[in-house]
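Geometric and topological summary
If you want the building blocks of each chain, they are given just below.
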Amino acid sequence: MEQLSKLLGRVLSVITALVIVTMMLHVVINALLRFFFSTPIYGTNEIAGFWYLPAIALLGIPVAQLQREHIVVALLLDRMSPRAAGWCMLLANSATAAVCAGFAWFGLQRALEQMELGATAGVTTIITWPVFFLLPAVFGLMTLICVLEALSCFRSVLSDDPEQIYVSEADREIAEAEHAENTEHTEDAASSREVRP
């Protein structure tokens, strides 16, 4: 599960980065063409506002969830036992999955309406209805992620030795590095004691 989460997080991060770079190039080329040749690219503002920005904003949501970078009330969870914190995270992930499933369902209804209308960006001919399908796709993915995390929490609280599973990837890496450094210092101190006559 963890390997799949990391892979999915990387894929979504790369897609988001590509969208950002594409938007940046599009806007810069548009500005250069407007300044030097007085011929801007048609609909650049609409494409940026209706295509690029929603993709960047929406794709960041599951990436943050996969990397456990959403806000966690660590002040309370740190004071709880790992089992109690696991139950809280199970409840939070279940509630989040339900809310995301609702967003996905209503987003799909809205996307189908926009598709039937053939929605465009304002008075331009630039179509925007395909972007509306990104919302149910992202929140459907978020529902799946939260359900899998809820199952992981459930397994953790039922185990004999539950672990703190709400820790972000960055915090976990820092803790592992500190643990490795402390272990190394302990081993160095022990070996220096052994060498002394």
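Definitions and limits used
- Residues numbered from 1 in each chain as written.
- Predicted model: local features only at pLDDT ≥ 70, side-chain atom pairs only at ≥ 80, totals over all residues.
- Heavy atoms only, no water.
- Helix = DSSP H or I, 4+ residues; strand = E, 2+ residues; numbered from the N terminus.
- Contact = heavy atoms within 4.5 Å.
- Areas by Shrake-Rupley, 256 points an atom, 1.4 Å probe, with all protein chains shown as cover.
- Salt bridge = Lys/Arg side-chain N within 4 Å of Asp/Glu carboxyl O.
- Buried < 20%, exposed > 50% of the residue type's maximum accessible area, 1.4 Å probe, protein only.
- Patch = residues over 30% accessible without salt bridge, like charges linked within 9 Å, V, L, I, M, F, W, Y side chains within 5 Å.
- Core = buried A, V, L, I, M, F, W, Y, C linked by side-chain atoms within 4.5 Å.
- Expected span 1.5 Å × (residues − 1).
- Bend = angle between axes of the 7 residues up to and from the residue.
- Axes fitted to C-alpha atoms, helices over the stretch in contact; angles between N-to-C directions.
- Parallel < 35°, antiparallel > 145°, perpendicular 65-115°, else oblique.
- Left-handed = near helix turned anticlockwise from the far one by under 90°.
- Nonpolar A, V, L, I, M, F, W, Y, C, P; charged D, E, K, R; others polar.

1. Quick look at the overall build of the protein chain
Per the secondary structure count, the protein chain includes six helices and zero strands. Ordered by position in the sequence, the α and β elements of the protein chain form the string α-α-α-α-α-α. Of the contacts formed within the protein chain by residues at least 6 apart in sequence, a portion of 75% connects residues at least 24 apart. Summed over its atoms, the accessible surface of the protein chain is roughly 12,900 Å², and 68% of this surface lies on carbon and sulfur atoms.

2. Focus on the pattern of salt bridges
Under the criterion given, the structure shown has one salt bridge. Here Arg110 makes a salt bridge to Glu113, at a shortest N to O gap of 4.0 Å. Note that Arg110 and Glu113 are positioned in helix α4 (residues 82-117) at a spacing of three residues, about one turn of the helix. Using a relative accessible area of 43% as the deciding quantity, one classes Arg110 as partly exposed. By relative accessible area, which is 43% here, Glu113 ends up partly exposed.

3. Observations regarding a nonpolar patch on the surface
Together, Val21, Met24, Leu25, Val28, Ile29, Leu32, Phe35, Phe36, Phe37 and Ile41 make up a nonpolar patch on the protein surface, roughly 1,000 Å² of accessible area in all. Inspection of the secondary structure puts Val28 in helix α1 (residues 2-37). Val28 gets classed as partly exposed once you look at its relative accessible area, which sits at 43%.

4. With respect to the nonpolar core
Ranked by size, the top nonpolar core spans 13 residues in total, and within it Leu12 and Phe139 carry the most contacts. Secondary-structure elements contributing two or more residues to this core are α2 (44-66), α4 and α5 (134-158). Per element, the largest residue contribution to this core is five residues, and it comes from α5. Counting nine residues, the second largest nonpolar core, distinct from the first, contains Val19, Tyr52, Ala121 and Ile126.

5. With respect to α2
Under the 1.5 Å per step criterion, the end-to-end length of α2 is 32 Å for 23 residues, consistent within 8% with the ideal 33 Å. Along α2, the helix axis deviates most sharply at Tyr52, where the bend reaches about 30 degrees; the proline Pro54 sits within four residues downstream. Backbone geometry just downstream of α2 places Arg68 in the positive-phi region, at approximately 55 degrees.

6. Some details on the environment of Asn45
The residue Asn45 is located in helix α2 in this model. The sequence separation of Asn45 and Asn30 amounts to 15 residues, and the corresponding C-alpha distance is 9.6 Å.

7. Observations regarding the packing of α2 against α5
Running from amino to carboxyl end, α2 crosses α5 at an angle of 5 degrees, the nearest separation of the two axes being 10 Å. In terms of orientation, α2 lies roughly parallel with respect to α5. Residues Pro54, Ala55, Leu58, Leu59, Ile61, Pro62, Gln65 and Leu66 of α2 touch α5, and the partners they reach there are Leu134, Leu135, Val138, Phe139, Leu141, Met142, Ile145, Cys146 and Glu149.

8. A word on the packing of α4 against α5
Contact geometry of α4 with α5 gives a least axis separation of 8 Å together with a crossing angle of 160 degrees. One finds that α4 runs roughly antiparallel with respect to α5. Crossing of α4 over α5 shows left-handed handedness. Of the residues contributing to the contact of α4 with α5, the split by class is 20 nonpolar, seven polar and two charged.

9. Notes on the side chain of Gln114
Its location among the elements puts Gln114 in helix α4. In contact with Gln114, other than residues within four places in its own chain, are Ala119, Trp129 and Phe132.

10. Section: the side chain of Thr128
Residue placement: Thr128 occurs in the loop between α4 and α5. Thr128 has contacts with Phe50, Trp51, Ala119, Thr120 and Ala121, leaving out every residue within four places of it along the chain.

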